[in-house]
Amino acid sequence: MREIGNTTETLGSVRHDWRRDDVRALFALPLPELIFRAQTVHRLHFDPREVQISTLLSIKTGGCPEDCAYCPQSAHYEAGVTASKLMRTDAVLAQARAAQAAGATRFCMGAAWRSPKDRELDAVCVMIKGVKALGLESCATLGMLTAGQASRLKTAGLDYYNHNLDTSPEFYGEIITTRTYQDRLDTLGHVRDAGINICCGGIVGMGETLDDRVGMITTLATLPVHPESVPINLLVQVAGTPLATGPRLEPLDLVRTIAVARIVMPASMVRLSAGRQEMSDETQALCFLAGANSIFSGEKLLTTANPAHERDKRLFDRLGMVPMSG
Ligand code: SF4
């Protein structure tokens, strides 16, 4: 047992009673102590050399009615993204086969919708079945879902649904006004009730305070069941969006966020997500040391650039790390 703030914590146990003070105390630890604890927890649940690789394909790009301030796909902003229709199933499955050949074990399909219409969901269900038939894990991010829609996705074989909380409840209104934090929690509840694994995290570097990062991580860590995947995204500042300018996050603040996520959600995959293209290999290495054990691979992440497979392979070779097998 170790003392953290006013509480005692058993490193590595899965708990749902985290308080903001506990999480704030973790963020305030000296970095060597924080990384040591994160590493200790990581090794209790995972092989620290292994990194799970997912590939994300935008199956329906742009023209989204939501106003997420970081997103070039929002129809509210002029960010140079051309809206497209939902891709054909054969084209999606060709991309899934290519991702599998490049080492991906999970194939994620993202659509820029507020929520899917029934006929759109029909098409996505066919895609999910096709991805599963290849032997890949399937993941989708389609916006808000009703309970019935979540259950249809489960029946189609969906393994994971991504729906991020983005930030703290307090800062959320500065970033999105077209749906509420509670809407997001409701969708997460429907997905969980349907028996689909949850991929849920947030974005740092949007001008939030340290307390907002504390609030976001505490919200995630106090969900009734921890998300199986926790993506931690670093804001990519895209011209034309409201968050195109502004101070950039200190890389060590990203590292701390990942380490705290690892400690409070010890059995979850923590994914180093958007923003890797602009990160040095050294920053990424520190994120892996802090307990990140999942990445998105592929040259595009929805509409923004992502490191090419070759760069990731060189990085893994330099670090002695290996892709997690499926
Ligand atoms: S993040 Fe998703 S919901 Fe928000 S504007 Fe972009 S595509 Fe739409």
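For clarity, every value in this text was computed on a predicted model and none was experimentally measured.

Around the ligand, the neighbouring residues are Cys64, Glu66, Cys68, Tyr70, Cys71, Ser74, Ala112 and Arg179. A breakdown of the residues in the shell around the ligand according to their chemical character gives five nonpolar, one polar and two charged.

Working note: a packed helix pair is described by the angle between its axes plus the distance between those axes. Across the interface, helix H2 (residues 31-45) lies against helix H9 (residues 251-264) with an axial gap of 9 Å and an inter-helix angle of 40°. Considered as vectors, H2 and H9 are oriented oblique to each other. By crossing handedness, the relation of H2 to H9 is classed as left-handed. Of the residues in H9, those in contact with Leu31, Leu34, Ile35, Arg37, Ala38, Val41 and His42 of H2 are Leu252, Val255, Arg256, Ala259, Val260, Arg262 and Ile263. Taken together, the residues of the contact of H2 with H9 sort by class into 10 nonpolar, one polar and three charged.

This paragraph deals with the pairing of strand E9 (residues 229-234). In terms of burial, E9 is a largely internal element, six of the six residues being buried. Covered by surrounding structure in E9 are Ser229, Pro231 and Asn233 together with Val230, Ile232 and Leu234, the residues of both alternating faces. Note that strand E8 (residues 202-204) and E9 share three bridges and pair parallel. Bridge assignment links Gly202 to a residue of E9, and that residue is Ile232. With four bridges connecting them, E9 and strand E10 (residues 269-272) associate as parallel partners. Of the residues in E10, the one forming a bridge with Ser229 is Met269. Once you follow E9 into H9 and on to E10, the crossover reads as right-handed.

Attention now moves to the pattern of salt bridges. Side-chain pairs of opposite charge can arise whenever the charged atoms involved come near each other. Under the defined criterion, the tally for this structure stands at 23 salt bridges. Ionic pairing is found between Arg24 and Asp211, a salt bridge with its closest N-O pair at 2.9 Å. Here the residue Arg24 occupies a position in helix H1 (residues 20-27), and Asp211 occupies one in helix H8 (residues 210-221), the gap between them amounting to 187 residues. For Arg24, a relative accessible area of 29% translates into the label partly exposed. For Arg213, the salt bridge is made with Asp253, and the minimal N-O distance between the two is 4.0 Å. Of this pair, Arg213 sits in helix H8 while Asp253 sits in helix H9, and the two are 40 residues apart along the sequence. The class of Arg213 is buried, set by a relative accessible area of 7%. Shared partners join several salt bridges into a network, and the residues in it are Arg15, Asp17, Arg19 and Asp22.

What counts and how
- Residues numbered from 1 in each chain as written.
- Predicted model: local features only at pLDDT ≥ 70, side-chain atom pairs only at ≥ 80, totals over all residues.
- Heavy atoms only, no water.
- Near = heavy atom within 4 Å.
- Nonpolar A, V, L, I, M, F, W, Y, C, P; charged D, E, K, R; others polar.
- Axes fitted to C-alpha atoms, helices over the stretch in contact; angles between N-to-C directions.
- Helix = DSSP H or I, 4+ residues; strand = E, 2+ residues; numbered from the N terminus.
- Parallel < 35°, antiparallel > 145°, perpendicular 65-115°, else oblique.
- Left-handed = near helix turned anticlockwise from the far one by under 90°.
- Contact = heavy atoms within 4.5 Å.
- Buried < 20%, exposed > 50% of the residue type's maximum accessible area, 1.4 Å probe, protein only.
- Pairing = 2+ DSSP bridges.
- Right-handed = clockwise from strand over helix to strand, strands pointing away.
- Salt bridge = Lys/Arg side-chain N within 4 Å of Asp/Glu carboxyl O.

That is the geometry; function is a separate question.
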